[in-house]
Amino acid sequence: MTKHIPDQNIAVYPGSFDPITFGHIDILKRSLKIFDKVVVAVACNKKKFYLFDQTKRVELINKIVKELDGIDHKRIIAVPLKGLLVRYVESINAKVIIRGLRAVSDFEYELQLATTNRTLDFEIETIFMMTAEKYSFLSSTIVREVARLGGDVSSMVPPLILNELQKIFSKGENDETLM
Ligand code: ADP
């Protein structure tokens, strides 16, 4: 039996976004060429340490999206993700999960995730978008580490994130090393 075909072509872009970077934003903008609407699903894993809590990460993404030039802002929304990703995707009647691929090192983990999600719901496809070359080494982890040690991350994140990072890291002294 044919299932209900959604009238809008919605994709879900899941991740930690701790914090959102220009790499994520590039994937988001390019996704809008293919999908009517992209929902950024902001994850929270109790076992992980986050620099920004889930509510703050959602809020920051929504603010940044509003400031992006040349896009219809209403086509992107960030939401907090609770529970299994595929259940959320089903609940909004979407059929596609978007993931970004950087180096070969991303591949194994992404394959495992996509295969698991496909096992949980074979009607949901994961599509991968290759990173823009200039962002291929950019990750939220790198941003956090460089910012923690007082480095300039203005080429990696939007000004709003830069400001938030400065608020957090301007106080402390650094006795760590990043090489
Ligand atoms: P990270 O792996 O940096 O913690 P997230 O969990 O926030 O990132 O990533 C969400 C998605 O965005 C993942 O599919 C990840 O591969 C992708 N992504 C992250 N950084 C980039 C980048 N610089 N270019 C393309 N895709 C990226």
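In the block above lies the structure referred to throughout.
Just so we're clear, the structure is a prediction, and the values are computed from it rather than from any experiment.

Some details on the site of the ligand
Around the ligand, the surrounding shell holds 17 residues, and the nearest of these are Tyr-13, Phe-17, Gly-100, Thr-131 and Tyr-135. Within the side chain of His-24, one N or O atom sits 3.1 Å away from an oxygen atom of the ligand. Here the ligand, which alone exposes 540 Å², has 90% of that area covered by the protein. Here the ligand occupies the largest pocket. Listing elements by their share of the shell around the ligand, those giving two or more residues are strand S1 (10-15), helix H1 (22-31) and strand S4 (96-101). Considering only residue class, the shell around the ligand consists of 6 nonpolar, 8 polar and 3 charged.

Let's talk about the packing of helix H2 (residues 54-67) against helix H6 (residues 159-169)
Here H2 crosses H6 at 145°, and the two axes come no closer than 9 Å. Taken together, the residues of H6 that come into contact with H2 (itself represented by Lys-56, Leu-60, Lys-63 and Ile-64) are Leu-160, Ile-161 and Glu-164.

Observations regarding the nonpolar core
In this structure, Ile-20, Val-40, Ile-61, Ile-98, Val-153, Val-157 and Leu-165 are the most contacted members of the largest nonpolar core, which totals 39 residues. Every element with two or more residues in this core is listed here: S1, H1, strand S2 (37-42), H2, strand S3 (76-80), S4, helix H5 (140-148) and H6. If we skip the residues at most four places from it in the chain, Ile-61 touches Phe-17, Ile-20, Val-40, Val-42 and Ala-78. In this structure, Ala-41, Tyr-88, Ile-97 and Ile-124 belong to the second largest nonpolar core, which totals 13 residues.

What counts and what doesn't
Residue positions are given per chain, counted from 1 along the sequence in the order it is written. pLDDT decides what is reported in this predicted model: residues at 70 or higher carry local features, side-chain atom pairs at 80 or more are listed and counted, and totals for whole chains, interfaces and linings draw on all residues regardless. The basis for every side-chain value is the complete set of heavy atoms in the structure, and neither hydrogens nor water enter the calculation. Near is defined per residue: the residue qualifies when any heavy atom it owns lies within 4 Å of the molecule or strand. Whenever a nitrogen or oxygen atom comes within 3.5 Å of another N or O atom, the pair is scored as a polar contact, on the condition that within protein one atom can donate a hydrogen and the other can accept it, and that pairs from neighbouring residues in sequence are kept only if both atoms are in side chains. Here the open area of atoms and residues is found with the Shrake-Rupley method and a 1.4 Å probe, where only the protein chains shown may cover a residue. Here a cavity denotes a set of grid points, spaced 1 Å apart and computed over the protein atoms alone, in which a 1.4 Å probe fits but from which it cannot get out, and a pocket denotes an open set meeting protein on both sides within 12 Å along at least five of seven lines; residues with an atom within 4 Å of a point are reported as lining. Here the criterion for a molecule occupying a pocket or cavity is that more than half of its atoms lie within 2 Å of the pocket grid points. Elements are defined by DSSP. Helices are runs of H or I of four residues or more, strands are runs of E of two residues or more, and each kind is numbered from the N terminus. Throughout this entry, Asp, Glu, Lys and Arg are counted as charged residues, while Ala, Val, Leu, Ile, Met, Phe, Trp, Tyr, Cys and Pro are counted as nonpolar. The remaining residues, Gly among them, count as polar. Here an angle of 0 to 180 degrees is reported between the N-to-C directions of two axes, which are lines fitted to C-alpha atoms, with helices fitted over the stretch in contact. Whether two residues are in contact is decided by their heavy atoms, any of which lying within 4.5 Å being enough. Residues enter a nonpolar core if they are buried and are Ala, Val, Leu, Ile, Met, Phe, Trp, Tyr or Cys, with the set joined through side-chain atoms within 4.5 Å. The classification of residues rests on relative accessible area computed with a 1.4 Å probe and restricted to protein chains. Under 20% of the type maximum is buried, over 50% is exposed, and intermediate values are partly exposed.

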